[in-house]
Amino acid sequence: MMKIFSLLALLGFMSCSTRPEKKHPPLSAKAKFAFMIHGGAGVAPKGSQTPEQEKAYTEKLTEALLSGHKILQGGGSSLDAVESAIRILEDSPLFNAGKGAVFTADGKNELDASIMSGSGLEAGAVAGLHHVKNPITLARAVMENSPHVMMVGEGAEKFAKEQNIELVPAKYFWTKPRWDILQEMIKVEKAKDKSGMNSLRATPANRFGTVGAVALDSKGNLAAGTSTGGMTFKKFGRVGDSPIIGAGTYAKNKVCAVSATGHGEYFIRLSVARDICALVEYKGLGLQAATDEVVLTKLKALGGDGGVIAIDADGGRAITFSSEGMYRAWIDETGQPQVRMY
């Protein structure tokens, strides 16, 4: 009997000694959930905005942040938190999403969005919208109430009508600041006599703009969402990374959730959001190291620019951007909202 007991003890010791260690510390009693949002990379250079403008951005980001945080604090789902915060940002003319969408070359507003649940890798996305007040809500409806992942244009808006999702006249999205930027872009295009893409790259006023959120709820479910009005003066039905699962949005339980903002073509080519999660899942990198490697090394080497926010399975957060600034907000360890622009 002693030999059998010793053998069992040895086997038990061997089993414990070969078990892989956790990559991240466990959630503390005070960190059962986590939430973070962004309002786009490529913000105006530091010092170029008035105190009143900075105050307006800070207040709106704080409102969206607290909306999602309150849902999580009450035991709500990560998907609800993400959708709630993004809807608030979509309803504001301050951000390039929803009400604040920029104009295409032909003077229209085209909206894109996506959302993803980490629990079962369910996802929904929409693109090329002209009348949906809150694209993030339609993206979620595609995920939950259809067999599809992505819908575009008139078909997506027909589905929105069937789902009783609010539609608005195209003029709802018209704002003077965005219209003025389009007129500046048209002048630049005529003066340079070059293709739209060249002037797009060179004009700071057209730099990025997207909103997004990532969340971990008390049940361990991760979620991410992203919404955008696209790129000023874009042509030919161009679609960026925001509605592309794996490029602008990705979430997987026990790994991470990511929302991106930047020059979409590069984010699509690199599958930025998915690549970050893959580095965490397969290479064992910490979240900040993974976001840094993708945004500051891979994206930069390709010629792209922008940023990401991310949350991992233990509530750890990461923010990385290569542009001059990025609107972002989170709740710190003391429970206070933090908003940063530069």
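Heads up: the structure comes first, above all this text.
Below you will find a few notes about this structure. (Residues numbered from 1 in each chain as written. Predicted model: local features only at pLDDT ≥ 70, side-chain atom pairs only at ≥ 80, totals over all residues. Heavy atoms only, no water.)

### Brief notes about the overall build of the protein
In step 1: When helices and strands are tallied, the protein shows 10 helices and 12 strands.
In step 2: Expressed as a percentage of its 342 residues, the buried residues of the protein come to 52%.
In step 3: Carbon and sulfur atoms form 57% of the exposed surface of the protein, whose accessible area is close to 15,800 Å². (Helix = DSSP H or I, 4+ residues; strand = E, 2+ residues; numbered from the N terminus. Buried < 20%, exposed > 50% of the residue type's maximum accessible area, 1.4 Å probe, protein only. Areas by Shrake-Rupley, 256 points an atom, 1.4 Å probe, with all protein chains shown as cover.)

### Here we look at the sheet that holds strand S7 (residues 249–252)
In step 1: Strand order in this open sheet of 4 strands is S7-S8-S9-S10, and the pairing throughout is antiparallel. Pairing within the sheet leaves two strands with one partner each, and these edge strands are S7 and strand S10 (317–321). Geometrically, the sheet is characterised by an average inter-axis angle of 10 degrees between neighbouring strands, direction not taken into account.
In step 2: Bridge count for S7 against strand S8 (residues 256–262) is 4 bridges, and the pairing is antiparallel. The partner of Ala 251 across the bridge, within S8, is Ala 257.
In step 3: Here helix H9 (residues 272–282) sits on the sheet and contacts S7, S8 and strand S9 (306–312); the angle it forms with S7, its principal contact strand, is near 25 degrees.
In step 4: Its contacts with the sheet put helix H10 (residues 287–302) on S8, S9 and S10, and the angle it makes with S10 is roughly 15 degrees. (Pairing = 2+ DSSP bridges. Axes fitted to C-alpha atoms, helices over the stretch in contact; angles between N-to-C directions. Contact = heavy atoms within 4.5 Å.)

### Structural notes on helix H3 (residues 78–90)
In step 1: Taking 1.5 Å of rise per residue, 13 residues should cover 18 Å, and H3 covers 18 Å from first to last C-alpha, within 8% of that figure.
In step 2: For H3, the tally of buried residues reaches 11 of 13 residues, placing the bulk of the element in the interior.
In step 3: Turning to H3, its buried residues number three or more, namely Ser 78, Leu 79, Ala 81, Val 82, Glu 83, Ser 84, Ala 85, Ile 86, Ile 88, Leu 89 and Glu 90.
In step 4: Where the residues of H3 are buried, they touch strand S1 (34–41), helix H2 (51–73), strand S2 (111–117), helix H4 (135–145), strand S5 (211–216) and strand S6 (222–228). (Expected span 1.5 Å × (residues − 1).)

### Some thoughts on the sheet that holds S1
In step 1: Here we have 8 strands laid out as an open sheet, ordered S4-S3-S2-S6-S5-S1-S11-S12, and mixed in their pairing. Each edge of the open sheet carries a strand with a single partner, namely strand S4 (150–152) and strand S12 (337–340). For this sheet the average axis-to-axis angle between neighbouring strands, irrespective of direction, equals 10 degrees.
In step 2: As paired elements, strand S11 (residues 326–331) and S12 share 4 bridges and run antiparallel to each other. Paired with Ile 331 across the strands is Pro 337, a residue of S12.
In step 3: Where H4 meets the sheet, it contacts S2, strand S3 (122–129), S4 and S6, and its direction lies at approximately 135 degrees from that of S3.

### Quick look at the pattern of salt bridges
In step 1: With the rule as written, the count across this model stands at 13 salt bridges.
In step 2: Measuring nitrogen to oxygen at the nearest pair gives 2.7 Å for the salt bridge that ties Asp 80 to Arg 140. On the criterion of sequence distance, the pair formed by Asp 80 in helix H3 and Arg 140 in helix H4 is long-range, its members being 60 residues apart.
In step 3: Using a relative accessible area of 12% as the deciding quantity, one classes Arg 140 as buried.
In step 4: With its nearest N and O atoms 3.9 Å apart, the salt bridge here joins Lys 235 to Glu 189. Pair noted here: Lys 235 is in the loop between S6 and S7 and Glu 189 is in helix H6 (residues 176–192), with a separation of 46 residues, a long-range link.
In step 5: Owing to a relative accessible area of 31%, Lys 235 belongs among the partly exposed residues under this scheme. (Salt bridge = Lys/Arg side-chain N within 4 Å of Asp/Glu carboxyl O.)

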